[in-house]
Amino acid sequence: AMFEQAGREWNVDWRLLAAIGYQESHWRSQAVSPTGVRGIMMLTEATADYLDIDDRIDPRNSIFGGAQYFVRQTERVADERLGPRPVERQESQGA
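Residues numbered from 1 in each chain as written. Predicted model: local features only at pLDDT ≥ 70, side-chain atom pairs only at ≥ 80, totals over all residues. Heavy atoms only, no water.

### Side note on the overall build of the protein
- Counting secondary structure elements, the protein contains four helices and zero strands.
- Sequence-ordered secondary structure for the protein, helices as α and strands as β, is α-α-α-α.
- For the protein, the residues scored as buried account for 33% of the 95 residues in total.
- Nonlocal contacts in the protein, meaning residues at least 24 apart in sequence, comprise 31% of its contacts between residues at least 6 apart.
- A total of about 7,000 Å² of accessible surface is found on the protein, and carbon and sulfur atoms cover 49% of it. (Helix = DSSP H or I, 4+ residues; strand = E, 2+ residues; numbered from the N terminus. Buried < 20%, exposed > 50% of the residue type's maximum accessible area, 1.4 Å probe, protein only. Contact = heavy atoms within 4.5 Å. Areas by Shrake-Rupley, 256 points an atom, 1.4 Å probe, with all protein chains shown as cover.)

### Regarding the pattern of salt bridges
- Inspection of every chain in the model, using the stated rule, returns one salt bridge.
- In this structure, Arg15 engages Asp13 in a salt bridge whose closest nitrogen and oxygen atoms are separated by 2.8 Å.
- Residue class for Arg15 comes out exposed when judged on its relative accessible area of 54%. (Salt bridge = Lys/Arg side-chain N within 4 Å of Asp/Glu carboxyl O.)

### Quick word on the nonpolar core
- Phe3, Ala6, Leu17, Ile40, Met41, Ile53 and Ile63 are the most contacted members of the largest nonpolar core, which totals 15 residues.
- Every element with two or more residues in this core is listed here: helix H1 (2–10), helix H2 (14–25) and helix H4 (59–82).
- In terms of residues, this core owes the most to one element, H4, which gives four residues.
- In this view, Ala6 contacts Leu17, Ile63, Phe64 and Ala67; residues no more than four positions away in its chain are not counted. (Core = buried A, V, L, I, M, F, W, Y, C linked by side-chain atoms within 4.5 Å.)

### Points about unusual backbone geometry
- Positive phi, normally seen in glycine, also occurs at Asn11, with a value near 55°.
- Locating Asn11 in the fold gives a position in the loop between H1 and H2.
- Positioned with a positive phi, Met42 is a non-glycine residue whose angle comes to about 50°.
- The exposure class assigned to Met42 is buried, which follows from its relative accessible area of 14%.

### Brief notes about H1
- For H1, the full list of buried residues reads Phe3, Ala6 and Gly7. Across the axial projection of H1, the buried residues extend over an arc of 105°, all falling on one side.
- Note on H1: the residue one or two positions beyond its end, Asn11, has a positive phi of about 55°. (Arc of directions from axis to C-beta.)

### Quick look at the packing of aromatic side chains
- Scanning all chains against the criterion turns up one aromatic pair.
- Directly above the aromatic system of Phe64 lies the positively charged group of Arg60, at a separation of 4.0 Å from the ring centroid. (Phe/Tyr/Trp six-rings, centres within 6.5 Å; stacked < 30°, edge-to-face > 60°. Lys NZ or Arg CZ within 6 Å of the ring centre and 35° of its normal.)

### Focus on the environment of Ala18
- Considering the arrangement of structural elements, one finds Ala18 in helix H2.
- Sequence separation between Ala18 and Ala67 is 49 residues, and the spatial gap between their C-alpha atoms is 9.9 Å.
- Sequence-distant contacts of Ala18, that is, excluding residues within four places in its chain, are made with Phe3 and Trp27.

So this is what it looks like as structure tokens:
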């Protein structure tokens with residue numbers, strides 16, 4: 001249910017979020033890696049600070065934070081790939 005809620009809030013297919021959670025931690029909320037990432041979505045301390053998350057182990061914080069981070073990173077990459085957008089020019093057709 002939390003993946004579905006986060007998906008609705010961040011406009012991401014909940015199945016993608018669930019797949020990320022499974023890949024990162026096998027959906028274990030208490031997961032901790034040797035590098036210090038934690039929670040279902042394996043957030044770093046720096047990412048949690050950036051997202052204003054206090055408890056990375058909390059399933060809701062981890063899932064909603066992971067969804068938010070995924071969306072922000074996807075948007076950032078899309079912006080970089082698209083580059084500067086040309087300004088549209090209004091041309092008068094004359095009478």
